[in-house]
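Each chain, letter by letter, is given below.
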Amino acid sequence: MLNDKPASCIFGYSLSFLILFFLSACNSSPPPSSGLEITNAWVRTPPPSAGALAGFMHLKNYSDTPIALLQAKADGFNQVMLHQSINENGQHKMEHAERIIIPPQGSLQFQHGSYHIMLMGFQTTIKSGDKIPITLIFDNKLEKTVHFIVKTPD
Ligand SMILES: [Cu+2]
């Protein structure tokens, strides 16, 4: 008398599992497991005598907690810094950004006049179409290496 579940009920359960499976399989772009997505990563093509490059990107935080970007690293450069451009008494300045917060379920755009990655001291020629791997270090022990494409903005 214990196992008297009708067969149709068991079939119903299997069917809902199947539907769940297909729903998850068909989702073409699920949020990344880290909860963080970085898109449109690029570096401005430097003029011939430039001593520094600026990198830009878009960060999206799919998680329910803030994510802080703490540091950037790249081989082939003497120094890589997270910078923020500020306007102080009409003077444009750049200062080191220690902790850049991407809010929960929010996003942050690195762009000209705001946050950027400053790449300084390089020996090789860097031209449009090159890809520069930059490792981004976040506060939750998360590290992501992103290939930044060198290009001239439209
Ligand atoms: Cu800078």
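Our subject is the structure that appears above.
Since the structure is predicted, the reported quantities are computational estimates derived from the model, not experimental observations. (Residues numbered from 1 in each chain as written. Predicted model: local features only at pLDDT ≥ 70, side-chain atom pairs only at ≥ 80, totals over all residues.)

Re the overall build of the protein
A count of helices and strands for the protein gives one helix and ten strands. Out of the 154 residues in the protein, the part that is buried amounts to 16%. At a minimum sequence separation of 6, the contacts of the protein that also span at least 24 residues come to 64%. (Helix = DSSP H or I, 4+ residues; strand = E, 2+ residues; numbered from the N terminus. Buried ≥ 20, exposed ≤ 12 C-beta atoms within 10 Å, placed from the backbone. Contact = placed C-beta atoms within 7 Å.)

What to know about the pairing of strand β2 (residues 52–61)
Residues L53, G55, M57, L59 and N61 line the buried face of β2, whereas the alternating positions A52, A54, F56, H58 and K60 sit on a face that is not buried. Looking at chain direction, strand β1 (residues 36–44) and β2 are connected through six bridges and run antiparallel. Counterpart to E37 in the pairing with β2 is K60. (Pairing = 2+ DSSP bridges.)

Observations concerning the nonpolar core
In this structure, A74, V80, I117, L119, I132, I134 and F148 are the most contacted members of the largest nonpolar core, which totals 21 residues. Elements with a minimum of two residues in this core: β1, β2, β3 (67–73), β4 (79–88), β8 (115–120) and β9 (131–138). The contact partners of I117, leaving out residues within four places of it in the chain, are A54, G55, A72, V80, L82, F110 and I134. (Core = buried A, V, L, I, M, F, W, Y, C linked by C-beta atoms within 7 Å.)

Side note on the pairing of β3
In the sheet, β3 pairs with strand β6 (residues 100–102) via three bridges, with the strands oriented antiparallel. What sits directly across from L69, in β6, is I100.

Quick word on unusual backbone geometry
Residues other than glycine seldom take positive phi values, yet N40 does so here, at roughly 50 degrees. Of note, N40 is situated in strand β1. Given 12 C-beta atoms within 10 Å, N40 falls into the exposed group. The phi torsion at K141 lies on the positive side, around 60 degrees, for a residue other than glycine. Along the polypeptide, K141 turns up in the loop between β9 and β10 (143–151). We classify K141 as exposed; it has 6 C-beta atoms within 10 Å.

As for the environment of S33
As for its position among the elements, S33 is in the loop between α1 (7–26) and β1. Taking the C-alpha atoms as reference points, S33 and S63, 30 residues apart in sequence, are found 9.5 Å from one another.

Brief notes about the environment of T135
When you line up the elements, T135 lands in strand β9. When the C-alpha positions of T135 and V146 are compared, they lie 6.3 Å apart, and in sequence the two are eleven residues distant. Apart from residues lying up to four places away in sequence, T135 is in contact with A72, K73, E143 and T145.

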